[in-house]
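# Per-entry structural report
Each chain, letter by letter, is given below.
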Amino acid sequence: MKSSNVRNFSIAGHLGAGKTSLCDLMLYKAGAVNRIGKVTNKTSVSDYTPEEQSKLSSIFASSLNCSWKDHSFFFFDTPGYGEFISEPIAVIQNSDMTLITVDAADGVQVGTIKAWKIAQSHNIPRAFLINGLDRELADYNKVLNQLQDTYGKTVCIPITVPVGEAASFEKVVNILTEENIPAEAEEYKEQLMDTVAESDEELMMRYLEGEKLTEEEISSGLKNAIQSGSLVPVFVTSAEKDLGIEELMNSIVNLFPEPLAKGKIKGSDGEEIELSEDSIGLARVFKSITDPFLGQLAFFRVYSGTFKADSEVYNITKSAKERFGPILLLNGKNQTKIEEAVPGTFASMVKLKNTTLDDTLATSNNGKELQKMEFPKPVMSYAITAVKSGEEDKIGTGLNKICASDPTLSVTRHPETHEMLLSGMGDQHLGLVIKKLKEENKVEVNADIPKIPYRETITTNGEGHYRHKKQTGGHGQFAEVYLRIAPNPEGYEFTNEVVGGNIPKNYIPAVEKGVIEAMEDGPLAGCLVQNMTVTVYDGKFHDVDSSEMAFKIAARSAFRDAMEKAKPIILEPIQKVKIYIPDQYMGDISGDLNQKRGRILGMDVEEGMQVVNADVPLAELSKYATELRSITQGNGTFEMEFSRYEMVPANIAKQIIDKHKKELEETNK
Ligand SMILES: Nc1nc2c(ncn2[C@@H]2O[C@H](COP(=O)(O)OP(=O)(O)OP(=O)(O)O)[C@@H](O)[C@H]2O)c(=O)[nH]1
Ligand SMILES: [Mg+2]
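Residues numbered from 1 in each chain as written. Chains lettered and ligands numbered in written order. Predicted model: local features only at pLDDT ≥ 70, side-chain atom pairs only at ≥ 80, totals over all residues.

## Re the overall build of the protein
Threshold: The numbering of helices and of strands both runs from the N terminus, where a helix is a DSSP run of H or I of at least 4 residues and a strand a run of E of at least 2. Buried residues are those with 20 or more other C-beta atoms within 10 Å of their own C-beta, exposed residues have 12 or fewer, and partly exposed residues lie in between; C-beta atoms are placed from the backbone. The contact criterion used here is simple: two residues whose C-beta atoms, placed from the backbone, lie within 7 Å are in contact.
Check the secondary structure of the protein and you find 16 helices and 35 strands. Each principal axis of the C-alpha atoms in the protein carries an extent, and together these give about 105 × 60 × 50 Å. The burial tally for the protein puts 44% of its 669 residues in the buried class. Restricting to contacts in the protein with at least 6 residues of sequence separation, those with at least 24 account for 72%.

Right under this line is the structure:
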């Protein structure tokens, strides 16, 4: 197999646009399967997991391959559902081309825009596929215009077009190769020929002189423009009526980039690495799953050189040797073995000992590490607890194992609330993790809304004093501390202004320790106290009875005394939120943000979508992934990150304080 005969691509786009149906048809046309798999009757090669079959929708990216006209296609079908975004992100970043599938009735949707953004931000060339030509409400021209309005009239140009009456298209033709093309396609053909001519002066002369260019000349003239993103070819199909599939597959051969076309890739040190067929083998592990039959399965994309089955390879990231067994090509869950993998191959390997997601594999230990992949931050968390005590460790280990294969998942122990947090992209994403955790580990867990890590601070200066004195049996305990606290927007600072040795120097660290301990358990609601300068300025000690412990105790109480006088308040985390929604939901979204005590900072239009930037308290966002989905019927997404702490309004502060009091009473009972 030669790399120039490989076509590597990803299929992405909005939920239900027909990606998986298209994949099943391509596999059938290419003879990779004997029967057409169908999502709706649970026979799809790509949607093969029980979860996908019960949802009738993709959840995981699936590896697929077939041969077409002496070319090997390596491609991945990805889910359109927004919460499983890590799947298309990992795949798109590692493909040579992204085919963005758009529904012929619904047009550009949030999943379309996401797929475009991911590909564009990684300089991955793009093509559009308008699928569902047969749908009752399909409007090819409207969707084409919408793509052109959004991404450029001279950028998105059809290569294949439907022929016939709008309501009953009977075929799809390639406007570059077919003689009889619809009148309106002539204009596109001219635009394409101009692009071809621009790519090469000699071609330009011959074209201007009226000479007919060969299909090969035309496609090589278009490939550069596609590679650079200045041309985004638009195809059209009906996966239901089997229209335009072969035309699309022919264009994949003729127009999609060759794996080595871009010539280089970024290394982890930011330097470019040259790619070639015969240099050191380099591959990135971009997906890793635990298969019930095969065990740990690492999917990798070969960038350079050739990997051979049953050979020694190096994990550059981990500086470790690995042993390759047979190289597997997967079609969904069906595997075939190959002897070697050339640039552009999507292949997989079982039982690698030291390899995890995003590692670079090489055929020599001189290989350079590839740049790390990028993923969005989680937007929703659950606090996970064990139903049966004693199972905490098992749960932690199980969750860590699941999270290792999905970069948009994380398990952390919150340093302030001490809860075990499972974070991800939404309730369905997290629900799937919990289901898997229960099944694989036979444990029972509770998943609750996490506690908000409120904080406390002061609004004015305060003075505190405490004299700790105890006489018990032998020698007693004695320490006395005077301190001042003052608001400090910069953070925490501790200063010592004790003179005359009233508190000897060696006890000052104990005083600070007492203060820090007290700051971890604020007086209002037991939260972390922040933003103040604490100054110890006087005290008393006793030769025999003073000790570090005594000074710690005195400092803790002196600090509490000062806090009471310094008008303490509760602070809450405020998140910076960016929401993407279609225009028609603007009213509902801003109304909802208002109710959530949010502040809209600005609105923008990006690629035909409304973008709302707002500051919203974290306490109001614990279910936002779910709420946004229901407000927009799945057509909105959002990102968020921590911005700062702000004062909680009085009525809410009261609720927090009362709740804390109750909890204290409960534990003291
Ligand atoms: N009428 C019509 N229906 C189609 C076409 N393509 C797919 N469908 C149907 O649309 C539904 C969704 O198709 P899928 O192929 O699962 O769509 P998808 O893009 O893979 O969806 P996700 O994986 O959930 O993002 C299925 O019921 C398909 O049978 C088409 O061209 N015409
Ligand atoms: Mg699908």
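## Comments concerning the site of ligand 1
Operational definition: A residue counts as near a molecule or strand when its C-beta atom, positioned from the backbone, falls within 6 Å of it. When residues are sorted by character, Ala, Val, Leu, Ile, Met, Phe, Trp, Tyr, Cys and Pro go into the nonpolar class, Asp, Glu, Lys and Arg into the charged class, and all the rest, Gly among them, into the polar class.
Ligand 1 sits among 22 residues. The nearest are Gly18, Thr20, Ser58, Gly80 and Glu240. It is helix α1 (residues 19–29) that provides the largest number of residues to the shell around ligand 1, a total of three residues. By residue class, the composition of the shell around ligand 1 is six nonpolar, 12 polar and four charged.

## Description of the domain arrangement of the protein
Selection criterion: Domain start and stop positions are those given by an automatic or database domain assignment.
Here the protein is partitioned into domain 1 (3–176 + 231–257), domain 2 (265–362), domain 3 (380–448), domain 4 (460–566) and domain 5 (573–651). Taking only C-alpha atoms, the centre of domain 2 and the centre of domain 4 are 59 Å apart.

## Observations concerning the pairing of strand β23 (residues 410–413)
What counts here: Should DSSP find at least two bridges between two strands, the strands are regarded as paired.
Two strands pair when backbone bridges link them, and β23 and strand β24 (residues 420–424) are joined in this way by four bridges, in the antiparallel orientation. Counterpart to Ser410 in the pairing with β24 is Ser423. Between the end of β23 and the start of β24, which pair antiparallel, lie six residues, with His418 showing a positive phi angle near 65°.

## Details of the sheet that holds strand β2 (residues 62–68)
Spelled out, the test is: Helix axes use the C-alpha atoms of the stretch in contact, all axes being lines fitted to C-alpha atoms, and the angles between their N-to-C directions lie in the range 0 to 180 degrees.
The strand order across the open sheet built from seven strands is β2-β3-β1-β4-β5-β9-β6, with neighbouring strands paired in mixed fashion. Strands with a single pairing partner mark the edges of an open sheet, and in this sheet they are β2 and β6 (156–158). Along the sheet, successive strands turn relative to each other by an average axial angle of 30°, direction set aside. Here helix α3 (residues 86–93) sits on the sheet in contact with β1 (6–13), β3 (71–77) and β4 (98–103), set at roughly 155° to β1.

## A look at the pairing of strand β16 (residues 320–323)
Bridge analysis of strand β15 (residues 312–315) against β16 gives four bridges, and the strand direction is antiparallel. Bridge pairing links Glu312 to Arg323 in β16. Adjacent in sequence and paired antiparallel, β15 and β16 are bridged by four residues, among which Ser319 carries a positive phi angle near 50°.

## A closer look at the nonpolar core
Defined as follows: The term nonpolar core refers to a group of buried residues, namely Ala, Val, Leu, Ile, Met, Phe, Trp, Tyr and Cys, whose C-beta atoms join them within 7 Å.
Judged by nonpolar contacts, the single largest core of 139 residues is most densely connected at Phe128, Leu129, Ile130, Val234 and Phe300. When residues no more than four places from it in sequence are discounted, the contact partners of Val234 are Phe128, Ile130, Leu144, Leu147, Cys156, Ile157, Pro158 and Ile159. Val481, Val498, Ala555 and Met563 belong to the second-largest nonpolar core, a separate cluster that totals 30 residues.

## Side note on the packing of helix α6 (residues 185–198) against helix α7 (residues 201–208)
A packed helix pair is summarised by two numbers, namely the angle formed by the two axes and the spacing between the axes. Inclusion rule: Note on angle classes: values under 35 degrees are labelled roughly parallel, values over 145 roughly antiparallel, values of 65 to 115 roughly perpendicular, and the remainder oblique.
Two elements in contact, α6 and α7, have axes separated by 6 Å at closest approach and are oriented at 135°. For the element pair α6 / α7, the angle class is oblique. Where α6 abuts α7, its residues Met193, Val196, Ala197 and Glu198 lie against Leu203, Met204 and Tyr207. Looking at the contact of α6 with α7 residue by residue, the class counts come to six nonpolar, no polar and one charged.

## A closer look at helix α11 (residues 427–441)
Operational definition: By this rule, a helix spans an expected 1.5 Å times one less than how many residues it contains. The arc refers to the directions leading from the helix axis to the C-beta atoms.
Its 15 residues place the ends of α11 21 Å apart at the C-alpha level, agreeing with the 21 Å of an ideal helix rising 1.5 Å per residue. Taken together, the buried positions of α11 are His429, Leu430, Val433 and Leu437. Buried residues of α11, seen end-on, are gathered within an arc of 90° and therefore sit on one face of the element. Exposed side chains of α11 directed beyond 90 degrees from the buried face belong to Lys435 and Glu439. Against the buried residues of α11 lie β22 (380–386), α10 (392–403), β24 and β25 (445–448). Following α11 by one or two positions, Lys442 adopts a phi angle in the positive range, close to 50°.

## Concerning the environment of Tyr454
As for its placement among the helices and strands, Tyr454 is situated in the loop between β25 and β26 (455–458). Sequence separation between Tyr454 and Val529 is 75 residues; the distance between their C-alpha atoms is 9.3 Å.

## Side note on the environment of Lys38
The topology assignment puts Lys38 in the loop between α1 and α2 (50–55). Put simply, Lys38 and Glu240 are 202 residues apart on the chain and 10.0 Å apart in space, counted from C-alpha to C-alpha. The residues contacting Lys38, other than those within four sequence positions of it, are Asp24, Thr43 and Ser44.

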